Number of protein chains: 2
Amino acid sequence: MITLYTLCGADASRPFSPHAWKAVMALAHKGLAFDEIPTPFTAIPAIAPDVAKTVPILRDGSRIVADSFVIAAYLEETYPDRPTLFGGPGGEAMARFVEGWANAVVHPALSAIIVKDIHDGLAPADQAYFRETREKRFGKPLEAVVANRDADISAFAAKLQPLRLMLARQPFIGGATPLFADYIVFGALQWARITSSAELLAAGGAGGDPVTDWFERCLDLHGGIARTVPAAA
Amino acid sequence: MITLYTLCGADASRPFSPHAWKAVMALAHKGLAFDEIPTPFTAIPAIAPDVAKTVPILRDGSRIVADSFVIAAYLEETYPDRPTLFGGPGGEAMARFVEGWANAVVHPALSAIIVKDIHDGLAPADQAYFRETREKRFGKPLEAVVANRDADISAFAAKLQPLRLMLARQPFIGGATPLFADYIVFGALQWARITSSAELLAAGGAGGDPVTDWFERCLDLHGGIARTVPAAA
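### Details of the overall build of chain A
Right, so step 1: Secondary structure summary: chain A contains nine helices and four strands in total.
Right, so step 2: In sequence order, chain A lays out its α and β elements as β-α-β-β-β-α-α-α-α-α-α-α-α.
Right, so step 3: On C-alpha atoms alone, chain A measures out to a radius of gyration of 17 Å, which is about the 17 Å that the 2.2 N^0.38 rule sets for 233 residues.
Right, so step 4: By its C-alpha atoms, chain A is 50 × 50 × 30 Å across when sized along the principal axes.
Right, so step 5: Buried residues in chain A amount to 54% of all 233 residues.

### Remarks on the interface of chain B and chain A
Right, so step 1: Between chain B and chain A, the contact holds 30 residues from the first and 30 residues from the second.
Right, so step 2: The contact between chain B and chain A buries some 2200 Å² in all, and 77% of this surface belongs to carbon and sulfur atoms.
Right, so step 3: Counting across the chain B and chain A interface gives two salt bridges.
Right, so step 4: With a shortest N-O distance of 3.7 Å, Glu 99 of chain B and Arg 169 of chain A are connected by a salt bridge.
Right, so step 5: At the junction of chain B with chain A, the criterion picks out four residue pairs in polar contact (both at pLDDT 80 or more).
Right, so step 6: No other element matches the 15 residues that helix 3 (residues 89-120) of chain B contributes to the side of chain B that touches chain A.
Right, so step 7: When the residues that make up the side of chain B that touches chain A are grouped by side-chain class, the tally is 17 nonpolar, ten polar and three charged.

### Observations concerning the relation of the copies chain B and chain A
Right, so step 1: Once chain B is rotated about the relating axis by 180° and shifted along it by 0.0 Å, it coincides with chain A to within an RMSD of 0.0 Å. The superposition of one copy onto the other is thereby described by a two-fold rotation axis. Considering only C-alpha atoms, the part of chain B nearest the rotation axis is Gly 91 of chain B, at 1.9 Å.
Right, so step 2: A shared binding surface is used by both copies, with 100% of the interface residues of chain B retained as interface residues in chain A.

### Considerations on the packing of helix 3 (residues 89-120) of chain A against helix 3 of chain B
Right, so step 1: Two elements in contact, helix 3 of chain A and helix 3 of chain B, have axes separated by 8 Å at closest approach and are oriented at 30°. For the element pair helix 3 of chain A / helix 3 of chain B, the angle class is roughly parallel. Note that helix 3 of chain A runs across helix 3 of chain B; the crossing there is left-handed. Every residue of helix 3 of chain B that contacts helix 3 of chain A at Gly 90, Gly 91, Met 94, Ala 95, Phe 97, Val 98 and Trp 101 of chain A is listed here: Gly 90, Gly 91, Met 94, Ala 95, Phe 97, Val 98 and Trp 101 of chain B.
Right, so step 2: Taken together, the residues of the contact of helix 3 of chain A with helix 3 of chain B break down into ten nonpolar, four polar and no charged.

### Here's the deal with unusual backbone geometry
Residues and elements named next belong to chain A.
Right, so step 1: Cis geometry is adopted by the peptide bond preceding Pro 56, which originates at Val 55 and carries an omega value of 5°.
Right, so step 2: Mapped onto the secondary structure, Pro 56 falls in the loop between strand 2 (34-40) and strand 3 (57-60).
Right, so step 3: If you check the backbone angles, Asp 67 has positive phi at about 85° while not being a glycine.
Right, so step 4: Summarising the element assignment, Asp 67 is placed in the loop between strand 4 (63-66) and helix 2 (68-78).

### A look at the pattern of salt bridges
Right, so step 1: Scanning the entire structure with this criterion turns up 20 salt bridges over all chains.
Right, so step 2: Glu 143 of chain B serves as the salt-bridge partner of Arg 131 of chain B, at 2.9 Å between the closest nitrogen and oxygen. Here the residue Arg 131 of chain B occupies a position in helix 4 (residues 124-138), and Glu 143 of chain B occupies one in helix 5 (residues 142-145), the gap between them amounting to twelve residues.
Right, so step 3: On the basis of relative accessibility, which here comes to 40%, the residue Glu 143 of chain B falls in the partly exposed class.
Right, so step 4: Each of Arg 96 and Glu 99 of chain A together with Arg 169 of chain B takes part in a single network of salt bridges with overlapping partners.

Rules used throughout
- Residues numbered from 1 in each chain as written.
- Chains lettered and ligands numbered in written order.
- Predicted model: local features only at pLDDT ≥ 70, side-chain atom pairs only at ≥ 80, totals over all residues.
- Heavy atoms only, no water.
- Helix = DSSP H or I, 4+ residues; strand = E, 2+ residues; numbered from the N terminus.
- Rg over C-alpha atoms; globule rule 2.2 N^0.38 Å.
- Buried < 20%, exposed > 50% of the residue type's maximum accessible area, 1.4 Å probe, protein only.
- Contact = heavy atoms within 4.5 Å.
- Buried area = accessible area lost by both parts, 1.4 Å probe.
- Salt bridge = Lys/Arg side-chain N within 4 Å of Asp/Glu carboxyl O.
- Polar contact = N/O pair within 3.5 Å; in protein donor to acceptor, adjacent residues only side chain to side chain.
- Nonpolar A, V, L, I, M, F, W, Y, C, P; charged D, E, K, R; others polar.
- Least-squares fit on C-alpha atoms with pLDDT ≥ 70 in both.
- Axes fitted to C-alpha atoms, helices over the stretch in contact; angles between N-to-C directions.
- Parallel < 35°, antiparallel > 145°, perpendicular 65-115°, else oblique.
- Left-handed = near helix turned anticlockwise from the far one by under 90°.

No statement about biological role is implied by the geometric values presented.
Rendered as structure tokens:
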């Protein structure tokens, strides 16, 4: 039996970690059943103290695996007869480039927009932890981080232009069908969708933003597992 | 016998097209012998008028193939027993994402820095063609495009942060060894190296920029084929 520890705020039915969503999508992609245990920030260190300080953490029988990419590689190696997450060794290597882009460009841009929304959705003990660690990381109060929020929202969509150019050629980063690299980028946008009501993407469809259409396609995958958590109101 | 048409300015010994360099590296990667025919801008339309208006153009026996990515896919399909350019279907799909990033981020940034240097290295007839088409594309005189050149050079290295994060994990975009995705990004930096003396990257080595080390590794590949053209003085 597989257990996946993810991250939640005050409402345990709304797990929101971008990295945990990558692991959820990877498990669903492999068609593996799992129990998800949404965990507040301050309870995470007790899950597997010797192994990891952050989620996702996967428990598969006696094996404990942490880090979303390591989890994907573990699933690929352990369940090779299930649908591939990488499409071969080149795809596994290049997923690290997609991860580099997501971490260098997409996560910082989203974080500056949604960090206060994330804070506001946490339980009080987690709010104190989150404010302290994030204000240290940003070097300023959360309220100052989001001071230019409207301008940051306006500037966001342009940062996804590499994805947009690619989508003119194929429906997924994985090609005709999705691979783990799609979930790497999807996880970031799902994080924002669940924690914040900020409107980050224009409408899709004819003449619209192909990134929006791709994101909707990802939400539809694997029985719509990513839609089980509604968008923030 | 394979012939590759590439792009040159007044000096035919200094072919500089980023896309043609991708094809040169792909041929060398496959270990295929080829004749390179560096061609000035205004002579390109006559190479294969019904097929392509831009280089690279590959002639392999009776087959003519244009577009660097299509050439790589053609070589992968036609010479499957040679070293792979994609590392499987996932790698081929994700190379399109790397191409999207290169075209959306790296090429525009470099172009704004080196466009006048490129112009200055062309023969007179090509200078007239180049100035007209590029000024139309930029919407201003070439001299105005490079007016903020020093600031653009200073800002350039930060745009490569996705590559830098990835290089903390593996030596090439292709993983332990290079794939076509490496040549996609390499081609852009080689374009700048050959046409411009602008110093775009800091030193590599311990404490230096890992992107510089990766670029040097690419210059060393396949017998140092990319070093046969010295850097612009």
